[in-house]
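Spelled out from the first residue to the last, the chains are:
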Amino acid sequence: MEHPIHFLQETDGFYEEVKREVAAYVKSSETGGFASGVFFVKAGVLVFFYLLLYAVLLYAESATIALIAMTLMGPFAIFIGINVAHDAAHSSISKKQWMNSSFLLLFDFLGANSYIWKKRHVFSHHIFPNILNADADLKQNPMVRIFPDDEIKGYHRFQFIYAPFLYLLYTINWLFFRDFQDFKKQAIGSLKFRGHEKTEYLKLIFFKIIYVSYILILPLVFSSLTGWQLLLGFLLMNFTASITITLALIPSHVAEDSAFPLPDESGQIRTSWSHHQLHTIRDFATSNWFLNFLFGGFNHHLAHHLFPKICHVHYVSITPIIKETAKRLGLPYHYEPSFINAYLSHYKLLKKNGLQMNLAEVA
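The model shown is predicted, which means the values in this text are computed figures rather than measured ones.

Would you mind going over the overall build of the protein with me for this structure?
A tally of regular secondary structure across the protein gives 15 helices and six strands. Expected size for 363 residues packed as a compact globule is a radius of gyration near 21 Å; at 21 Å, the protein falls within 12% of this value. With respect to the three principal axes, the spread of C-alpha positions in the protein is 65 × 60 × 45 Å. In the protein, which comprises 363 residues, the proportion classed as buried is 51%. Taking the contacts inside the protein whose residues are at least 6 apart along the sequence as the reference set, 74% of them involve residues at least 24 apart. When the accessible surface of the protein is split by element, carbon and sulfur atoms take 66% of a total near 17500 Å². Each charge class in the protein can be summarised by its mean position, and for the 30 positive and 27 negative side chains these summaries are 3 Å apart.

Spelled out as structure tokens, the structure:
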């Protein structure tokens, strides 16, 4: 019988100290750690531009303009997801749960099922990040070998070459395949299912129909695009969306020097839970105002993992607290100031993990 994964008890007081200082900051903030006016303005602006681009898609007389508008909808859908719906999934927008639930519906309107995504993200990835077969977010496609202890195939030696092209299909796979596959599974990562409510199945089908209707059927009827132009626009929209989401997600967990700890036979991880976050997460470009605005705090990823119920607009203030506390206690704080280097480091990881078969063969 497989033993459940568990962590050691923390002995140096790192997390307790950080929580005290963050609690003091939250108490002094006007919003108590929840969303600020800046958050709601940003959410409104992102949704407005997504709808504006959609209106251009439907009513532009020029097929070229319509095609450009549809292509740009991809990144804006991702920005809405990682800035607004993601916080809603962690109940960090408001202490009123109905408000979080309402904002979470944005995921469904954008084509992704919020229920199953929240399950795999909040209740699997956040608890066991970077742990093979436990982190449902990281292990998604057997064509890409991210975990150094995962099964290796001959084609993995070329993964650093073909992965960028495979990543272009990220959102198409998510919206049209992975959501349905996860509903069928009895477990995703560490999370075991006892079945789903019938209302969740109905919600899955209902919002998929809504999405396909407004993203494909209505443009086919009302826009200036022909059938093949619409298909091209749909592909370009998903390509740009996939590029955007991988730019945000990849640098924090799956870089060349990322750690992927394994539990022992009893399920024991050799660190405490908060130390595990320190070892497996890397912040990047935290002083870049542009990324701070668009990436929804994903570049302040350690703050998000340690305090997921605090809205991302506060991470700029929380990150220095975590960094200084870790430094004072002699604990690691992984950071890459260059966004480009942080992203490219992922492909160095893929190359290294894909070549391990060669080393095994030589041995």
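How should the packing of helix H3 (residues 63-89) against helix H4 (residues 97-109) be read in this particular structure?
When two helices pack together, their arrangement is captured by the angle between the axes and the distance separating the axes. The geometry of H3 relative to H4 is characterised by a closest axis approach of 7 Å and an angle of 140° between their N-to-C directions. One element, H3, and the other, H4, form an angle in the oblique class. Judged by the sense of rotation from one axis to the other, the crossing of H3 with H4 is left-handed. Residues Ile80, Gly81, Val84, Ala85, His86, Ala88 and Ala89 of H3 lie in contact with H4, whose contacting residues are Asn100, Phe103, Leu104, Leu106 and Phe107.

What should I look at first to understand helix H8 (residues 198-222) in this one?
In an α-helix there are 3.6 residues to a turn, and that puts residues three or four apart on one side. Spanning 25 residues, H8 covers 34 Å between terminal C-alpha atoms, matching the ideal 36 Å at 1.5 Å per step. Where H8 bends most, the angle comes to about 40°, and this point is Ser213. Three or more residues of H8 are buried, namely Glu200, Leu204, Phe207, Lys208, Tyr211, Tyr214, Ile215 and Pro219. Residues of H8 that are buried sit in contact with helix H2 (37-59), H3, H4, helix H5 (114-125), helix H7 (170-184) and helix H9 (227-253).

Teacher, can you tell me more about the layout of surface pockets here?
In this structure, the largest pocket encloses a volume near 920 Å³. Taken together, 47 residues make up the lining of the largest pocket; nearest its centre are Gln140, Tyr170, Trp174, Ile245 and Leu249. Among the elements of the structure, H3, H5, helix H6 (159-167), H7 and H9 are those that each provide at least two residues to the lining of the largest pocket.

Looking at this model, I keep getting lost on a nonpolar patch on the surface. Mind explaining?
On the surface, Val41, Val45, Phe48, Phe49 and Leu52 cluster together into a nonpolar patch covering about 440 Å² of accessible area. Summarising the element assignment, Val45 is placed in helix H2. Accessibility expressed as a relative area gives 36% for Val45, which makes it partly exposed.

Looking at this model, I keep getting lost on the packing of H7 against H9. Mind explaining?
Between H7 and H9, whose axes approach to 7 Å, the crossing angle comes to 105°. Compared by their axis directions, H7 and H9 come out roughly perpendicular. Facing Tyr170, Thr171, Ile172, Trp174 and Phe176 of H7, the residues of H9 in contact are Phe234, Leu235, Asn238, Ala241, Ser242, Ile245, Thr246 and Leu249.

Explain the pattern of salt bridges here, please?
Once the charged atoms of two side chains with opposite charge are near each other, the side chains can pair. With the rule as written, the count across this model stands at 11 salt bridges. Between Arg120 and Asp179 there is a salt bridge, with the nearest N and O atoms lying 3.6 Å from each other. Of this pair, Arg120 sits in helix H5 while Asp179 sits in helix H7, placing them 59 residues apart in sequence. Per residue, the accessibility class of Arg120 equals that of Asp179, and both read buried. Here Asp179 ties to Lys208 by a salt bridge, and the two come within 2.8 Å at their closest N and O atoms.

I would appreciate a short explanation of the side chain of Ser29 in the present structure.
Tracing the chain through its elements places Ser29 in the loop between helix H1 (14-28) and H2. Polar contacts involving the side chain of Ser29 include one to the main-chain amide nitrogen of Gly32, which spans 3.2 Å.

What should I look at first to understand the packing of aromatic side chains in this one?
Remark: the centre distance and the inter-plane angle together describe each pair of aromatic rings, the angle taken between the planes. One pass over the structure, following the stated rule, counts 28 aromatic pairs. Aromatic pair Tyr167 and Tyr347: ring centres 6.4 Å apart, planes at 50°, arrangement tilted. With Tyr167 in helix H6 and Tyr347 in helix H14 (residues 339-354), this residue pair connects regions lying 180 residues apart in the sequence. Between Phe284 and Phe295 the ring centres are 6.5 Å apart and the planes differ by 65°, which places this aromatic pair in the edge-to-face class. Of this pair, Phe284 sits in strand S5 (residues 282-284) while Phe295 is found in the loop between helix H11 (289-294) and helix H12 (301-306), placing the two residues 11 residues apart along the sequence. For Phe295, a relative accessible area of 5% gives the class buried. Of the aromatic side chains, those joined through ring pairs into one cluster are Tyr54, Phe176, Tyr211, Tyr214 and Phe234. A cation over a ring is seen here: Lys323 above Tyr335, with NZ or CZ 5.9 Å from the ring centre. Taking NZ or CZ as reference, Lys351 lies 5.3 Å from the ring centre of Phe160, over its face.

Cut-off values and rules
Residues numbered from 1 in each chain as written. Predicted model: local features only at pLDDT ≥ 70, side-chain atom pairs only at ≥ 80, totals over all residues. Heavy atoms only, no water. Helix = DSSP H or I, 4+ residues; strand = E, 2+ residues; numbered from the N terminus. Rg over C-alpha atoms; globule rule 2.2 N^0.38 Å. Buried < 20%, exposed > 50% of the residue type's maximum accessible area, 1.4 Å probe, protein only. Contact = heavy atoms within 4.5 Å. Areas by Shrake-Rupley, 256 points an atom, 1.4 Å probe, with all protein chains shown as cover. Lys, Arg positive; Asp, Glu negative; His and termini not counted. Charge placed at Lys NZ, Arg CZ, Asp CG, Glu CD. Axes fitted to C-alpha atoms, helices over the stretch in contact; angles between N-to-C directions. Parallel < 35°, antiparallel > 145°, perpendicular 65-115°, else oblique. Left-handed = near helix turned anticlockwise from the far one by under 90°. Expected span 1.5 Å × (residues − 1). Bend = angle between axes of the 7 residues up to and from the residue. 1 Å grid on protein atoms, 1.4 Å probe; cavity = no way out; pocket = protein on both sides within 12 Å on 5 of 7 lines; lining within 4 Å. Points joined across faces, edges and corners; volume = space filled by probe spheres on them. Patch = residues over 30% accessible without salt bridge, like charges linked within 9 Å, V, L, I, M, F, W, Y side chains within 5 Å. Salt bridge = Lys/Arg side-chain N within 4 Å of Asp/Glu carboxyl O. Polar contact = N/O pair within 3.5 Å; in protein donor to acceptor, adjacent residues only side chain to side chain. Phe/Tyr/Trp six-rings, centres within 6.5 Å; stacked < 30°, edge-to-face > 60°. Lys NZ or Arg CZ within 6 Å of the ring centre and 35° of its normal.

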